[in-house]
Amino acid sequence: MHKKLGILGGMGPLATADLFRKIILLTDAKCDQEHIHILIDNNTSIPDRTAYLIANGQDPREQLITSAKRLEAMGADFLIMPCNTAHNFYEDIVKEIKIPFLNMIEETAKFISEKYTGVKIGLLSTEGTCKTHIYDKAIKKYGMELVKPIKTQQHITNFIYSIKAGKNITLDGFNKSLEELKALGAKVFILGCTELSVGYEIFKMEGNYVNPLEIIAIRAIHFAGKKSLIKSHSST
């Protein structure tokens, strides 16, 4: 019996759809029946995570927990969540459910530690993810160093929220942040917001990127008891 996956989504809807698509494309399946049974709660009522973490916005935990419980009640055997910043509330969610919840931040840090050694890691993410040090802690556990934009973080923030809003965007600001990280010594770059994964696809970016959305997609496939088309994946 294969495990049924629940996706705690809506942060944002496009990133949730991107994760669903990745799981389908990366599953080694020859017909409908060989794919994973997936339940998706595209909960767009979840308040903005960064706004709460750095600007006294509305607390998202009630809605996050509601979604997790709803997926559990629907029969999900385990959960994943396509939002990096929301993983700041991972422990709050876990203690309210009885099923496993795969941690995208931890899985990404583990992947990087296995694939890269002796290099600085650059983080591209929301301001909320940067300021709460969620990736810093995960990367440090594996003895690696993480650097983040200082002067150009607003460019990444604008890029992320423009994708959420469906606005026309360019890579100009993104590239400025990338150059700052390179100047700080980074050689590998985490796409630490699920909207950046969407942007990666839109612009067909080339570079030494690690995409947490792809990493958690593959981990979920294996956890469900299915085979993936590749064992591990980074956007290189």
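Preceding this section is the structure that the text describes.
A brief look at the structure comes next. (Residues numbered from 1 in each chain as written. Predicted model: local features only at pLDDT ≥ 70, side-chain atom pairs only at ≥ 80, totals over all residues. Heavy atoms only, no water.)

Attention now goes to the side chain of Lys-22. Relative to the assigned elements, Lys-22 resides in helix H1 (residues 13-26). At 2.8 Å, the side chain of Lys-22 forms a polar contact with the side chain of Asp-18. If near-sequence neighbours (up to four positions away) are discounted, Lys-22 is found in contact with Ser-197, Glu-201, Asn-211, Leu-213, Glu-214 and Ala-217. (Helix = DSSP H or I, 4+ residues; strand = E, 2+ residues; numbered from the N terminus. Polar contact = N/O pair within 3.5 Å; in protein donor to acceptor, adjacent residues only side chain to side chain. Contact = heavy atoms within 4.5 Å.)

Here the focus is the packing of helix H8 (residues 153-165) against helix H10 (residues 194-203). At a minimum axis distance of 9 Å, the contact between H8 and H10 shows a crossing angle of 80°. Looking at the two axes, H8 sits roughly perpendicular to H10. Taking contact as the criterion, the partners of Ile-156, Phe-159, Ile-160, Ile-163 and Lys-164 in H8 are, on H10, Glu-195, Leu-196, Val-198, Gly-199 and Phe-203. For the contact of H8 with H10, the per-class residue count stands at seven nonpolar, one polar and two charged. (Axes fitted to C-alpha atoms, helices over the stretch in contact; angles between N-to-C directions. Parallel < 35°, antiparallel > 145°, perpendicular 65-115°, else oblique. Nonpolar A, V, L, I, M, F, W, Y, C, P; charged D, E, K, R; others polar.)

Moving on to the environment of Asn-42. As for its placement among the helices and strands, Asn-42 is situated in strand E2 (residues 38-42). For the pair Asn-42 and Leu-8, spaced 34 residues apart in sequence, the C-alpha separation works out to 6.8 Å. Sequence-distant contacts of Asn-42, defined by excluding residues within four places in its chain, comprise Gly-9, Gly-10, Pro-13 and Thr-16. In terms of polar contacts, Asn-42 uses its side chain to reach the backbone amide nitrogen of Gly-10, at 3.2 Å.

A few words now on the sheet that holds strand E4 (residues 120-125). Strand order in the open sheet made by the four strands is E5-E4-E6-E7, with parallel pairing throughout. The open sheet has two edge strands, strand E5 (146-147) and strand E7 (209-210), and neither has a second partner. Sheet topology note: the E4/E5 ladder contains two bridges and is parallel. Residue pairing across strands places Ile-121 opposite Leu-146, the latter belonging to E5. Docked against the sheet, H10 engages E4, strand E6 (186-192) and E7, running at close to 110° with respect to E6. (Pairing = 2+ DSSP bridges.)

Their axes nearest at 9 Å, the elements H1 and helix H11 (residues 212-223) cross at an angle of 50°. It follows from the interaxial angle that H1 and H11 lie oblique. Classified by chirality, the crossing of H11 by H1 is right-handed. Together, Ala-15, Asp-18, Leu-19, Lys-22, Ile-23 and Leu-26 of H1 and Leu-213, Glu-214, Ile-216, Ala-217, Ile-218 and Ile-221 of H11 make up the contact between the two elements. Classifying every residue of the contact of H1 with H11 by side-chain character gives nine nonpolar, no polar and three charged. (Left-handed = near helix turned anticlockwise from the far one by under 90°.)

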